Amino acid sequence: ASERGQRVNRTSDLEALRRNVTELEATLQHLSDKLVESQHLVRRKRAEEEEMRGDIQKLRESIRSTNDKMSYQVEHGNLQFETIQKLEEQKKQFDEEVDVLTLGLHDAEQRNEMLQKENSVMQQQVEGLYKGNLQDWAAEVQRVKVAAEVARYKEDIEKWKNKAESLR
């Protein structure tokens, strides 16, 4: 009887062990499936990480390229600004030179006109067409000179008035 009791105990122990082994095998299979799933997830995450690293590298290169382009544009803009300033200074200088040349030309034209009038009066005197004596002739020459000089000053004053108005 005691041997039989021991056999029953062993059988029940064996049954318990078999159930335990079956449960452990099921748990092991479940854990193995989870491990495969986790490994697949890790591989996918690593691939995504590599892809993101590539994207980050491309973005860095794009940023560097954009910065280079912007630096070039800023430098080019500065050069254009300097060139425009130099051109504006040259234009101003040329405008001033044109004003001086215009005044000089005007003076020369007036002197030429005055000399032509003097020449005309002298020709009349030489040809005997001038009706008057030598003093009248000299007074006429002087009058022509003064009239030309007054006309030149009036024109200069008018020109400078116009220039002052344009600057206001």
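Analysis parameters
- Residues numbered from 1 in each chain as written.
- Predicted model: local features only at pLDDT ≥ 70, side-chain atom pairs only at ≥ 80, totals over all residues.
- Heavy atoms only, no water.
- Helix = DSSP H or I, 4+ residues; strand = E, 2+ residues; numbered from the N terminus.
- Rg over C-alpha atoms; globule rule 2.2 N^0.38 Å.
- Buried < 20%, exposed > 50% of the residue type's maximum accessible area, 1.4 Å probe, protein only.
- Contact = heavy atoms within 4.5 Å.
- Areas by Shrake-Rupley, 256 points an atom, 1.4 Å probe, with all protein chains shown as cover.
- Lys, Arg positive; Asp, Glu negative; His and termini not counted.
- Charge placed at Lys NZ, Arg CZ, Asp CG, Glu CD.
- Salt bridge = Lys/Arg side-chain N within 4 Å of Asp/Glu carboxyl O.

Engineer: Got a minute to help me understand the overall build of the protein chain in this structure?
Structural biologist: Secondary structure summary: the protein chain contains two helices and zero strands in total. Relative to its length of 168 residues, the protein chain is extended, with a C-alpha radius of gyration of 56 Å against a globular reference of 15 Å. Along the three orthogonal principal directions, the C-alpha set of the protein chain runs to about 185 × 30 × 15 Å. Burial analysis of the protein chain (168 residues in total) assigns 9% to the buried set. When contacts within the protein chain are restricted to residue pairs at least 6 apart in sequence, those whose partners lie at least 24 apart make up 66%. Here the protein chain has roughly 14,900 Å² of accessible surface; of this, 56% comes from carbon and sulfur atoms. Each charge class in the protein chain can be summarised by its mean position, and for the 29 positive and 34 negative side chains these summaries are 9 Å apart.

Engineer: So what exactly am I meant to see when it comes to the pattern of salt bridges here?
Structural biologist: Side chains carrying opposite charge are able to pair once their charged atoms draw close together. Overall, the coordinates contain six salt bridges when judged by the stated rule. For Asp95, the salt bridge is made with Lys91, and the minimal N-O distance between the two is 3.0 Å. Here Lys91 and Asp95 lie together in helix α1 (residues 2–127), a separation of four residues that amounts to about one turn. Look at Lys91 and you get exposed, because its relative accessible area is 52%. The closest approach of N and O atoms between Lys159 and Asp99, which form a salt bridge, is 4.0 Å. Note that Lys159 is positioned in helix α2 (residues 134–167) and Asp99 in helix α1, a separation of 60 residues in sequence. By relative accessible area, Asp99 is classed as buried at 17%. Residues joined in a network through salt bridges with shared partners are Glu49, Glu50 and Arg53.

Engineer: Sorry, what's going on with the environment of Ala16 here?
Structural biologist: Take Ala16: it is sitting in helix α1. Residue class for Ala16 comes out partly exposed when judged on its relative accessible area of 31%. For the pair Ala16 and Leu101, spaced 85 residues apart in the sequence, the C-alpha separation amounts to 123 Å.

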